[in-house]
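Topology and contacts: notes
Here's the letter readout for the chains.
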Amino acid sequence: EAGVTQSPTHLIKTRGQQVTLRCSPISGHTSVYWYQQALGLGLQFLLWYDEGEERNRGNFPPRFSGRQFPNYSSELNVNALELEDSALYLCASSRGTGANGYTFGSGTRLTVV
Amino acid sequence: GNSVTQMEGPVTLSEEAFLTINCTYTATGYPSLFWYVQYPGEGLQLLLKATKADDKGSNKGFEATYRKETTSFHLEKGSVQVSDSAVYFCALPGDAGNMLTFGGGTRLMVKP
């Protein structure tokens, strides 16, 4: 069984640009969660999608957005990139409720210069 | 609301030393409790979990016991290895029950 896959693994963008990160959940998992992990810091919750709907959103500006597709894969879009957006972006998925735990992908390392 | 508090790191140990990373929680009811591990350059992996009070989760030599009396879920290992160097996160479901709430993470460094 394939795990949670994220793409790309690394990318470098210039301040002001836009970026799209992608996540494919484990087969059968309907919920997708996005987290930001800045260097040396903990996990900051970004977004939660379930069955194609946004269910919850963390304390991030509107330039962070996303969506979930009918096949349950998900995209995270960040507009007007700022230097402080440089971080590891982690995607996780769960079958139904996340109360039973998540499975994480390996993340996308975004560097904004 | 539901929350977890972890000891701050870094924790630096010599190989074969005993490890304890403290985690205490605040929760309504008795939700499942989790420990995740993040090795350098990777995402988080589920290390172990306990689904009810007094349960002990274990994996790869690590153990944690769900103690409702002390609202704790401390992570222990009897003899750490250099390969255990990583960041460890304690977690539990949030108030809505559908998302996990993570502690701030504890960095463990094991020296040969």
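Each remark here, short or long, concerns the structure printed above.
Now for a look at the structure at hand. (Residues numbered from 1 in each chain as written. Chains lettered and ligands numbered in written order. Predicted model: local features only at pLDDT ≥ 70, side-chain atom pairs only at ≥ 80, totals over all residues. Heavy atoms only, no water.)

**Focus: the state of the cysteines**
Residues and elements named next belong to chain A. Scanning the entire structure with this criterion turns up two disulfides over all chains. With its sulfur 1.8 Å from that of its partner, cysteine 23 forms a disulfide with cysteine 91. Taking the torsion about the sulfur-sulfur bond, which here is approximately -60°, the covalent link between cysteine 23 and cysteine 91 counts as left-handed. Residue cysteine 23 is found in strand β3 (residues 19-24), and its partner cysteine 91 is found in strand β9 (residues 87-94); the two are separated by 68 residues along the sequence. (Disulfide = S-S within 2.5 Å. Helix = DSSP H or I, 4+ residues; strand = E, 2+ residues; numbered from the N terminus.)

**Let's talk about the interface of chain B and chain A**
Of the residues lining the interface, 16 residues belong to chain B; the matching set on chain A comes to 19 residues. With both sides pooled, the region where chain B packs onto chain A buries about 1400 Å², and carbon together with sulfur makes up 59% of that total. Considering only the surface of chain B that becomes buried against chain A, Leu44, Asn98 and Met99 of chain B emerge as the three largest contributors, covering 38% of it. Joining chain B to chain A, the criterion identifies zero salt bridges. (Contact = heavy atoms within 4.5 Å. Buried area = accessible area lost by both parts, 1.4 Å probe. Salt bridge = Lys/Arg side-chain N within 4 Å of Asp/Glu carboxyl O.)

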